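Read off the chains here:
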Amino acid sequence: ALLLLEKEPENIDALFLQMGVLLQEGKSEEATDVLKKVTAVDEKNIRAYISLARIAGSQKRFAEAEGYLNKAVEASPEDPDPRLELARFYEQRGEFEEANAVAEQLYEAARERDLFPEEVACADFMRGSQTSGSKLLEECRDSQIYTAYAHWIIGFDLLGKGDRLGAEEHFAAIEETGDF
């Protein structure tokens, strides 16, 4: 990655590789600097904003994390991932009203754009509508479009309900999907 960056200092893939190495070495501030380079090169790179939010959140800089997630949503309003991340952020902080509002936006957008049932189902889970979410996720399983994110959502839902074994099955299935 470093050799590629010497030749192409704005190569986003190489910058992400460098960021990963820095995080593994525990150098989160340097990784943050690299991610800021990515956003300078590509101001619509939601992956960089989400990564910046995760780093800031892990350091309890929650206002900064929220700001990065909002930038990700603004950068790609049609993409459901930034909204899912933002809803998860609020949910983890116990800000359920905000999480619900974002999940509601995601749910409506998913229905309007006729997205995969899995994305609508995930939004249903985030909105607290496990019954319709479960039904749609079953459709996903039948359609062979059961993705890592669907397994993640169901796993945490089952864990919250005290079904540790069921949750572990879904967490183990995440790697099998190959889409993480």
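Just above, that's the structure.
Since the structure is predicted, the reported quantities are computational estimates derived from the model, not experimental observations. Position numbers for residues count from 1 along each chain, tracking the sequence in the order it is written. Restriction of local features to residues with pLDDT of at least 70 applies here, the model being predicted, together with a cutoff of 80 or more for giving and counting side-chain atom pairs; totals for whole chains, interfaces and linings are based on all residues. As a rule here, side-chain values come from all non-hydrogen atoms in the structure, and water together with hydrogens is ignored.

Asker: Mind showing me how you'd approach the overall build of the protein chain here?
Answerer: Each helix is a run of H or I in the DSSP string that is no shorter than four residues. Each strand is a run of E no shorter than two, and both are numbered from the N terminus. Tallying secondary structure elements over the protein chain gives 11 helices and 0 strands in all. Along its sequence from the N terminus, the protein chain presents helices and strands in the succession α-α-α-α-α-α-α-α-α-α-α. Split into buried and exposed, the 180 residues of the protein chain put 44% on the buried side. Accessible surface is estimated by sampling points in the Shrake-Rupley manner with a 1.4 Å probe; for residues, cover comes only from the protein chains shown. Accessible surface, the protein chain: about 10,400 Å² in total, of which carbon and sulfur atoms supply 50%. For each residue, the accessible area found with a 1.4 Å probe, counting protein chains only, is set against the maximum for its type, and the residue is called buried under 20%, exposed over 50%, and partly exposed in between.

Asker: Help me understand the nonpolar core, please; the structure alone is not making it clear to me.
Answerer: In a soluble, globular protein the nonpolar side chains are often hidden away together inside. Think of a nonpolar core as a cluster: buried Ala, Val, Leu, Ile, Met, Phe, Trp, Tyr and Cys residues, connected wherever their side-chain atoms sit within 4.5 Å. One finds Phe-16, Leu-35 and Leu-86 to be the most contacted residues of the largest nonpolar core, which totals 29 residues. Mapped onto this core, the elements with two or more residues apiece are helix 2 (12-24), helix 3 (28-41), helix 4 (46-58), helix 5 (62-75), helix 6 (80-92) and helix 7 (96-112). The biggest single contributor to this core is helix 4, with 8 residues. Residues within four places of Leu-35 in sequence aside, it is in contact with Phe-16, Met-19, Ala-48, Ser-51, Leu-52 and Ile-55. We call two residues in contact when some of their heavy atoms are within 4.5 Å.

Asker: Sorry, what's going on with the packing of helix 5 against helix 6 here?
Answerer: Between helix 5 and helix 6, the least distance of the axes is 8 Å, while the angle of their chain directions is 155°. Classified by the interaxial angle, the pair formed by helix 5 and helix 6 is roughly antiparallel. Two packed elements cross with a definite hand, and for helix 5 against helix 6 that hand is left-handed. Along its contact with helix 5, which presents Phe-62, Ala-65, Glu-66, Leu-69, Asn-70, Ala-72 and Val-73, the element helix 6 presents Pro-82, Arg-83, Glu-85, Leu-86, Phe-89 and Tyr-90. We call Asp, Glu, Lys and Arg charged. Ala, Val, Leu, Ile, Met, Phe, Trp, Tyr, Cys and Pro are nonpolar, and the rest, Gly among them, are polar. In terms of residue class, the contact of helix 5 with helix 6 is built from 9 nonpolar, 1 polar and 3 charged. Only the stretch in contact is used when fitting a helix axis, every axis being a line fitted to C-alpha atoms; angles between N-to-C directions are given from 0 to 180 degrees. The scheme is simple: roughly parallel for angles under 35 degrees, roughly antiparallel for over 145, roughly perpendicular for 65 to 115, oblique for anything else. By definition, turning the near helix anticlockwise from the far helix through less than a right angle yields a left-handed crossing, and turning it clockwise yields a right-handed one.

Asker: How should unusual backbone geometry be read in this particular structure?
Answerer: Its identity as a non-glycine residue notwithstanding, Lys-60 has a phi of 65°, on the positive side. Judged by its relative accessible area of 62%, Lys-60 is exposed.

Asker: When you look at the environment of Ile-46 in this model, what are you seeing that I'm missing?
Answerer: As for its placement among the helices and strands, Ile-46 is situated in helix 4. When its relative accessible area of 15% is taken as the criterion, Ile-46 is described as buried. Between the C-alpha atom of Ile-46 and that of Val-73, which follows or precedes it by 27 residues, the distance is 7.7 Å. In this view, Ile-46 contacts Ala-72, Ala-75, Ser-76, Asp-79 and Pro-82; residues no more than four positions away in its chain are not counted.

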